[in-house]
Amino acid sequence: MLDDMLEAGSYAPMLLKDRRAIVTGGASGIGAATVRAYVREGARVVSLDVNDAEGKRVVADAGAAASYVHCDIADRRQVFEVFERAVAGLGGLDVMANVAGVERRTPAENIPDEEWDLVFGVNVKGTLKGAAASSTSDRELESAARSDPLTTRPRKAP
Ligand SMILES: NC(=O)c1ccc[n+]([C@@H]2O[C@H](COP(=O)([O-])OP(=O)(O)OC[C@H]3O[C@@H](n4cnc5c(N)ncnc54)[C@H](O)[C@@H]3O)[C@@H](O)[C@H]2O)c1
């Protein structure tokens, strides 16, 4: 139904108009669909992934409101650095979509330690790092805005 409405040009609710979003795992699957949908709904989106070729292709396809930055969400230092820059560039953060993930489908009895470490490092710890970095970056920006209101716009009410 949405496809029909898009094709007919009759779908334009702009549910995320002017919202500022970060999407992890934006190069593929659910993350790529999220980047496209958020832009279609009026958001400005920074897409993060480790698959640079696909990540760039998806944002080019999504439109000028989307940009791509390489970020390994399992790497704490990288996550905090990238989020700080992304949130400053967006002027704040309204939406955080933690989609990046890995799946190996190895039978439980055969999963080697390295695979447990990879899956937990990305899917569990990576998600926590993204959540921590996004709240930290936004808090710092809001605190800067309180001392200098011209540095950013206040977060929009939901
Ligand atoms: N597709 C489904 O039906 C479904 C259902 C339930 C859960 N999931 C889980 O949701 C997540 C996303 O699913 P998908 O189908 O979009 O998978 P996908 O493989 O198409 O996309 C995952 C994206 O995450 C990126 N990624 C992997 N490691 C990363 C890292 N360290 N840093 C940054 N980006 C990284 C990949 O490059 C890829 O672009 C996966 O963990 C998957 O297991 C998917």
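Shown above is the structure to which this text applies.
Just so you know, these numbers come straight off a predicted model, no measurement behind them.

Draft legend 1. The environment of Lys-17, seen in detail. With respect to the element layout, Lys-17 can be found in the loop between helix H1 (2-8) and strand E1 (20-24). Accessibility expressed as a C-beta count within 10 Å gives 10 for Lys-17, which makes it exposed. Placed 21 residues apart in sequence, Lys-17 and Tyr-38 show a C-alpha to C-alpha distance of 9.0 Å.

Draft legend 2. Broad picture of helix H4 (residues 76-90). Between its terminal C-alpha atoms H4 stretches 21 Å, which fits the 21 Å expected from 15 residues at 1.5 Å a residue. Residues of H4 that are buried include every one of Val-79, Val-82, Phe-83, Ala-86, Val-87 and Leu-90, and no others. Down the axis of H4, the sector holding all buried residues measures 125°, keeping them to one side. Across from the buried face of H4, at angles greater than 90 degrees, the exposed residues are Arg-77 and Gly-89. Backbone geometry just after H4 places Gly-91 at a positive phi near 80°.

What counts, and at which threshold
All residue numbers refer to positions counted from 1 along the written sequence of the respective chain. Confidence filtering applies because this is a predicted model: local features only for residues at pLDDT of at least 70, side-chain atom pairs given and counted only at 80 or more, and all residues used for totals across whole chains, interfaces and linings. Secondary structure is summarised from DSSP: a helix means a run of H or I of at least four residues, a strand means a run of E of at least two, and numbering begins at the N terminus for each. The burial criterion counts other C-beta atoms lying within 10 Å of a residue's C-beta, which is placed from the backbone; the residue is buried at 20 or more, exposed at 12 or fewer, and partly exposed between these limits. Multiplying 1.5 Å by the residue count of a helix minus one yields the expected span of that helix. Think of it as the arc spanned by the lines of direction from the helix axis to the C-beta atoms.

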